[in-house]
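Breakdown of the fold
The lines below spell out each chain.
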Amino acid sequence: MKVFEKQNNVFKILSEAVSEGIVVVNKDQIIVATNGSANQIFGYDQEELIGKPLNTLIPQNYHHNHGDHFKSFVEHSEKRNMGRGRDIFGVRKDGTEFPLEAGLNPFTIYDNQYIMALVIDITERKAREKEIKELNTQLELKVEERTEALHHTIEELKEEVKLRMEAEAKAKESLKKEQDLNELKTKFLSLVSHEFKTPLGGILTSATLIEKYTKEEEQNKRDKHINTIKNKVKYLDNILTDFLSIERLETGKVNYKFSKFPLSKVINEVVYNANMLLKDGQKINYPDNDISDYSIEFDEKILELILSNLIHNAVKYSGEHTVIDLQIMFEEDMLTFKIIDQGIGIPEKEQQFIFKRYFRAENALLDQGTGIGLNIVKSHLENLGGSITFTSKEGQGSTFIVKIPITTNHSKA
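Quick notes on the rules
Residues numbered from 1 in each chain as written. Predicted model: local features only at pLDDT ≥ 70, side-chain atom pairs only at ≥ 80, totals over all residues. Heavy atoms only, no water. Helix = DSSP H or I, 4+ residues; strand = E, 2+ residues; numbered from the N terminus. Buried < 20%, exposed > 50% of the residue type's maximum accessible area, 1.4 Å probe, protein only. Polar contact = N/O pair within 3.5 Å; in protein donor to acceptor, adjacent residues only side chain to side chain. Contact = heavy atoms within 4.5 Å. Pairing = 2+ DSSP bridges. Axes fitted to C-alpha atoms, helices over the stretch in contact; angles between N-to-C directions. Left-handed = near helix turned anticlockwise from the far one by under 90°. Nonpolar A, V, L, I, M, F, W, Y, C, P; charged D, E, K, R; others polar. Salt bridge = Lys/Arg side-chain N within 4 Å of Asp/Glu carboxyl O. Expected span 1.5 Å × (residues − 1). Core = buried A, V, L, I, M, F, W, Y, C linked by side-chain atoms within 4.5 Å. Arc of directions from axis to C-beta.

**Observations concerning the side chain of Gln-282**
- Residue position: Gln-282 is located in the loop between helix 6 (263-275) and strand 8 (283-285).
- With relative accessibility at 8%, the residue Gln-282 sits in the buried group.
- One polar contact links the side chain of Gln-282 to the main-chain carbonyl oxygen of Gly-319, over a distance of 3.1 Å.
- Here Gln-282 is in contact with Val-315, Ser-318, Gly-319, Glu-320, His-321 and Thr-322, once residues within four sequence places are set aside.

Here is the structure:
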């Protein structure tokens with residue numbers, strides 16, 4: 001140990017110039033030298049640590065492992081930092097523990113092995129690290145809170161955008177409905193003014209002319225105008241009936257009345273009424289099959305309305321000297337009607353709108369009509385589980401196919 005005595009070596013001179021604490025121990029873990037920084041770090045007076053065991057500077061709870069670590073280090077004799085991945089602590093004279101950092105340097109003098117430990121008190125560094133860690137933790141918490149708040153805000157914004165989009169869509173839908181309603185009102189007023197004005201004008205003219213035919217031999221002329229008045233009144237009555245049908249369909253006030261009746265009864269009535277509307281040379285072909293034995297269960301008035309509408313359209317939109325075919329087919333629990341005409345047909349680009357209320361194809365605008373008949377027919381059929389389809393070619397005619405579910409009874413009615 002004399003090699004480290006103050007009067008025999010320059011150790012003290014050199015070690016006092018170093019800011020780190022220096023502790024030198026021999027192979028028996030006895031402290032043989034310290035510098036002023038080490039004494040100050042551990043709270044000892046000069047020379048007070050000389051001759052004391054190294055465990056003096058190590059907390060009690062680390063003693064049991066330290067001996068093995070020291071022997072291993074001596075055997076390998078290499079420079080290294082103490083702790084290597086773990087925190088190490090020292091203990092001061094007053095018993096307080098503190099974190100430190102130590103670098104170990106083995107060396108040999110006069111065949112004696114020593115270990116020099118360069119010690120740094122890192123209490124302030126650890127405090128700063130702890131503070132930084134706490135600040136980072138707080139920052140992370142704030143970031144999480146802000147992120148969560150931001151996420152919540154984004155979700156609220158998404159919900160608000162969604163609600164606004166829904167409100168905008170509803171507003172657009174309402175506006176569209178209002179525009180459609182206004183368009184329907186305009187069409188309706190135009191339709192009513194035209195469809196009512198023409199027959200009313202005809203009625204007025206016929207009534208005026210009847211007054212002039214006072215002689216007995218002019219009865220034929222009077223009858224002609226009386227028939228004209230009847231036809232015009234019937235036409236107006238049909239229009240009003242259609243409008244009432246629309247109102248009932250929209251409000252759900254339609255009450256269907258099912259009854260059992262002879263199919264021929266409805267067919268004869270429809271064909272008879274249509275015959276009075278025929279143009280010169282026009283003809284309605286009665287169904288080829290014998291339907292006199294068939295009774296069906298359905299709403300009789302609705303069936304009459306459906307067939308009348310389709311056959312009247314066939315007559316109206318077909319020219320003189322043409323044929324309208326009415327075909328009837330029984331298919332298990334379905335009854336199929338085909339109304340085939342040789343009329344003006346429906347333009348292909350307008351066929352998708354044919355069942356839309358008030359719609360009239362361009363090539364039919366010069367003929368009288370409301371554009372609501374087919375809409376009413378389709379609505380009734382859908383309500384009753386039936387269907388209506390068609391094929392058409394402009395200039396060649398149309399075929400309308402109606403299917404209704406029925407219970408047939410092949411017996412004399």
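After that view, the rundown keeps rolling.
**What to know about the pairing of strand 13 (residues 397-405)**
- Examined bridge by bridge, strand 11 (residues 334-340) and strand 13 share seven bridges and lie antiparallel to one another. The residue of strand 13 that forms the bridge with Met-334 is Pro-405.
- Relative to strand 13, strand 12 (residues 387-393) runs antiparallel, the two being bridged by seven bridges. In the sheet register, Ile-388 faces strand 13, and the bridge partner there is Val-402.
- The hairpin formed by strand 12 and strand 13 contains three residues between the paired strands, and Gly-395 there has a positive phi angle of roughly 85°.

**Considerations on the packing of helix 6 against helix 7 (residues 300-316)**
- Close contact between helix 6 and helix 7 brings their axes to 10 Å; oriented N to C, the two are set at 35°. The crossing of helix 6 and helix 7 is right-handed. The residues of helix 7 that touch helix 6, namely those facing Leu-263, Lys-265, Val-266, Ile-267, Glu-269, Val-270, Asn-273 and Ala-274, are Glu-300, Leu-303, Glu-304, Leu-307, Ser-308, Ile-311 and His-312.
- Partitioning the contact of helix 6 with helix 7 into residue classes produces eight nonpolar, three polar and four charged.

**Focus: the pattern of salt bridges**
- This structure, assessed with the given rule, holds eleven salt bridges.
- One salt bridge in this structure joins Glu-124 and Arg-128, with 3.9 Å as the shortest N-O distance. A residue pair is termed a helical-turn pair when its members lie 3 or 4 positions apart in one helix, as Glu-124 and Arg-128 do in helix 4 (residues 123-212) at four residues.
- Since its relative accessible area comes to 59%, Glu-124 is described here as exposed.
- You can call Arg-128 partly exposed: its relative accessible area is 47%.
- One salt bridge connects Lys-172 with Glu-168, and the closest N-O pair in it is separated by 3.4 Å. Of this pair, Lys-172 and Glu-168 both sit in helix 4, separated by four residues, roughly a single helical turn.
- Residue Lys-172 is classed as exposed on the basis of its relative accessible area of 54%.

**Thoughts on the packing of helix 7 against helix 8 (residues 373-383)**
- Two elements in contact, helix 7 and helix 8, have axes whose closest approach is 10 Å; the angle formed by their N-to-C orientations is 145°. Crossing angle aside, the handedness with which helix 7 passes helix 8 is left-handed. Mapping the contact onto sequence places Ile-302, Leu-305, Ile-306, Asn-309, Leu-310 and Asn-313 in helix 7 and Gly-373, Leu-374, Ile-376, Val-377, His-380 and Leu-381 in helix 8.
- Its residues placed into classes, the contact of helix 7 with helix 8 shows eight nonpolar, four polar and no charged.

**Some details on the pairing of strand 5 (residues 97-109)**
- Direction of pairing for strand 4 (residues 88-91) relative to strand 5: antiparallel, over a ladder of four bridges. Its bridge partner lying in strand 5, Val-91 is registered against Glu-97.
- In textbook terms, the turn of a hairpin is the stretch between consecutive antiparallel strands, and for strand 5 and strand 6 (residues 112-121) this stretch comprises two residues, one of which, Tyr-110, has a positive phi near 50°.

**Quick look at the sheet that holds strand 12**
- Strand order in this open sheet of five strands is 8-10-11-13-12, and the pairing throughout is mixed. A single partner strand is all that each edge strand has here, and the edge strands are strand 8 and strand 12. Taken over all neighbouring pairs, the strand axes of this sheet differ in orientation by 15° on average, direction set aside.
- On the sheet, helix 6 packs against strand 8, strand 10 (323-331) and strand 11 and is oriented at approximately 170° with respect to strand 10.

**A word on helix 7**
- For helix 7, built from 17 residues, the straight-helix expectation of 24 Å at 1.5 Å per residue is met to within 8% by its first-to-last C-alpha distance of 24 Å.
- Extensive coverage of helix 7 is indicated by the burial of twelve of its 17 residues.
- All of the buried residues along helix 7 are Glu-300, Ile-302, Leu-303, Glu-304, Ile-306, Leu-307, Ser-308, Asn-309, Leu-310, Ile-311, Ala-314 and Val-315.
- Where helix 7 begins, one side-chain oxygen reaches toward the backbone nitrogen of Lys-301, 3.2 Å away; that side chain belongs to Asp-299.

**A closer look at the nonpolar core**
- Ranked by size, the top nonpolar core spans 39 residues in total, and within it Leu-263, Ile-267, Leu-303, Phe-337, Ile-339 and Ile-404 carry the most contacts.
- Considering each element in turn, this core owes the most residues, eight residues, to helix 7.
- If we skip the residues at most four places from it in the chain, Leu-303 touches Phe-261, Leu-263, Val-266, Ile-296, Phe-298, Phe-337 and Ile-404.
- Within the second largest apolar cluster, 19 residues are counted, among which are Ile-41, Ile-58, Ala-102 and Ala-117.

**Description of helix 6**
- Compared with the 18 Å implied by 1.5 Å per residue over 13 residues, the 18 Å span of helix 6 between its first and last C-alpha is a close match.
- Residues Leu-263, Ser-264, Val-266, Ile-267, Val-270, Val-271 and Ala-274 constitute the buried set of helix 6. Buried residues of helix 6 fall within an arc of 160° about the axis and therefore sit on the same side.
- The secondary structure elements touched by the buried residues of helix 6 are strand 7 (258-262), strand 8, strand 9 (294-299), helix 7, strand 10 and strand 11.

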